[in-house]
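Close look at the chain arrangement
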Amino acid sequence: MGTVTDAGVTAPATSQAAPHQSQETDGFSLVIEALKLNGIDTIFGLPGIPITDLTRKMQAAGLRVISFRHEQNAGYAASIAGFMTGKPGICLTVSAPGFLNGLTALANATTNCFPMILISGSSEREVVDLAQGDYEEMDQLAIAKPLCKAAYRVLHAEDIGIGIARAIRTAVSGRPGGVYLDLPAKLFPQAIDAELGRKSLIKVVDPAPKQIPGQEAVQRALDLLKGAKKPLILLGKGAAYAQCDNDIKALIEKTGIPYLPMSMAKGILPDTHPQCASAARSFVLPEADVVVLMGARLNWLLSQGKGKTWGAANSKAWGKQKFIQVDISPIEADSNVRIDAPLVGDMGSCVAALLKGVEGYKAPTEWANAVADKKNGNIAKMAEKLKENPSPMSFHSALNIVRDVVKENPDCYLVNEGANALDFTRSIVDMYKPRKRLDVGTWGVMGIGMGFAVAAAVVGKQQVLAIEGDSAFGFSGMETETICRYNLPVCVVIMNNNGVYRGDEKSYGGSSDPSPLVFVKDARYEKLMEAFGGVGKHVTTPAELRAAIDEAFRSKRPTLINAVIAEGAGTESGRITSLNPTAKKK
Ligand SMILES: Cc1ncc(C[n+]2csc(CCOP(=O)(O)OP(=O)(O)O)c2C)c(N)n1
Ligand SMILES: [Mg+2]
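Now for a quick tour of the structure. (Residues numbered from 1 in each chain as written. Chains lettered and ligands numbered in written order. Predicted model: local features only at pLDDT ≥ 70, side-chain atom pairs only at ≥ 80, totals over all residues. Heavy atoms only, no water.)

A closer look at the sheet that holds strand 7 (residues 178-184)
Spatial strand order, 3-2-4-5-7-6: six strands in an open sheet with parallel pairing. The open sheet has two edge strands, strand 3 (64-67) and strand 6 (150-153), and neither has a second partner. Each adjacent strand pair in this sheet contributes to an overall mean axis angle of 25°, direction not counted. The sheet contact formed by strand 2 (residues 42-45) and strand 4 (residues 89-93) spans three bridges and is parallel. The partner of Ile43 across the bridge, within strand 4, is Ile90. (Pairing = 2+ DSSP bridges. Helix = DSSP H or I, 4+ residues; strand = E, 2+ residues; numbered from the N terminus. Axes fitted to C-alpha atoms, helices over the stretch in contact; angles between N-to-C directions.)

Okay, structure coming up:
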């Protein structure tokens, strides 16, 4: 085969090629070429039968292969790379157990609408299908299907191009999500004519086509919005994903409408923006008369659009709001309450249409002022709390430092998981740029921490600050080795309160076992990073925390800061205690 030039044109084979031999290629090469042809440059995975050689050949072919210690973390890395870039993140695993380890991340990606492709090697079809006991036997395709947007399998080398094209298109078009691609062991060494192979590859044209909203739908939304006395814009991570930040900002500023960012939408506009209503959430949700949902779903995070949160009489009742819902999916509207003006299309096109038509409308100043008053009052209260300096540290006194660091380093990525460690960080630490806050998302899943941190450093090429509950960190803590191996600029801060939610709980039933919620007291997590050549710090005051983070940011070295927090500082389940069926007994 000739060489593929930068322009993607195949140059004729030179005279160096043996003239009498017909050139062949194989499954390994075709998978790699198909991915490269589609702009995929990074693979997150873990080697083993049957994909060991694939990882080697990928690296040799110039793909960056980031090799993890557990597939779940590789999967989370791939999924968040998808969110950050809008290109599908690729996770590569071995069969059965490796596949299952990656599957949690694939399901999580689908739930969060992150484009991701899980590529797993699999065992011999004929043996698996007759349940004859192959090495790592499992019908992976069937198992993956209900947990992702689509699952595909490629049996013949000449179908690799189609298989990868379908996987890419499915992952990123419409509502993005996870795709499973099953590649049986036998596929990789399959040899076919090189020219035939080359011609079978597809460079996907326009993988996520624009979807222009209907004129009538735009007009309906504008009519409703222009009649609003107390309008509110709610930004979800779908709005962040779309990367149409300037138009969203223009729409908000032009109309003067207060806006509320969901967790991963923080930073589309800076949280310090005068129209940001985050600090007045419990005021604006029940009070608003017209709510524009932009890439935000009315799921549990928004109390399904019902109940007291929305000013309704009881948990099943609807509030008085009317809703405009901007979403890429035509079936999102009416999922929980009536949507008066559904606007279906890609976020960029919908926002542009609204921006054009909203000319002349301005949110009433009484409303804007009422929101600002409420918000400023709450911010002042919070400022008092942040000034406190107890010993041991509270979440507030520690996060006050993190808040300053992010303000001074707005380009850094903030990865965040835990319960109290999550909720307090979200409310205390302002974000200034879009797609910088990466957290537990729709499921509130623990374990995303180190995978997200690795991806943010590798793909985002910026300093990463991971604020981790001590329990949350445990789910992916071994990836500190990965962070050290690739020498990534990741600074992990463990908010160490000795347990799940808090560390001061007594055991039950008189046994010598500790409570199921507490860990070894004063665990020295920082030694984990030191074990692999990184920097470990143990800090007990805000000043020590500040110095340790500053040093990590200056040196860019892998750093783990073990921040000692009072063991009784947290509340059970953080801010979602009401969802915990046993908590009411307390
Ligand atoms: C995969 C998964 N397992 C379990 C949980 C339940 N859970 C929610 S938060 C949490 C840990 C909270 O403790 P920590 O991370 O130390 O945060 P803290 O509240 O102590 O700051 C757990 C286990 C979950 N959300 N996801
Ligand atoms: Mg904890």
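So much for the structure itself; the text now carries on.
Some words on the site of ligand 1
Around ligand 1, the surrounding shell holds 17 residues, and the nearest of these are Asn420, Gly444, Asp470, Ser471 and Ala472. Secondary-structure elements contributing two or more residues to the shell around ligand 1 are helix 16 (420-428) and helix 18 (470-474). At three residues, helix 18 tops the list of elements feeding residues into the shell around ligand 1. For the shell around ligand 1, a count of residues per class yields nine nonpolar, seven polar and one charged. (Near = heavy atom within 4 Å. Nonpolar A, V, L, I, M, F, W, Y, C, P; charged D, E, K, R; others polar.)

Some points on the coordination of the magnesium ion (ligand 2)
Protein coordination of the magnesium ion (ligand 2) is provided by Asp470 (OD), Asn497 (OD1) and Gly499 (O), with donor distances spanning 2.0 to 2.1 Å. As a motif over one chain, the donors of the magnesium ion (ligand 2) read D-x26-N-x1-G. Of this pair, Asp470 sits in helix 18 while Gly499 sits in the loop between strand 17 (490-496) and helix 20 (526-531), placing them 29 residues apart in sequence. Accessibility assignment for this pair places Asp470 and Gly499 in one class, buried. (Donors = N, O, S within 2.8 Å, 3.2 Å for Na, K, Ca; no water. Buried < 20%, exposed > 50% of the residue type's maximum accessible area, 1.4 Å probe, protein only.)

As for the nonpolar core
Grouped together as the largest cluster of nonpolar side chains are 93 residues, with contacts concentrated most on Leu235, Ile248, Met294 and Leu438. Setting aside its immediate chain neighbours within four residues, Ile248 contacts Leu235, Ala239, Ile268, Leu269, Met294 and Val351. Grouped together as the second largest cluster of nonpolar side chains are 37 residues, Phe28, Leu54, Ala150 and Phe188 included. (Core = buried A, V, L, I, M, F, W, Y, C linked by side-chain atoms within 4.5 Å. Contact = heavy atoms within 4.5 Å.)

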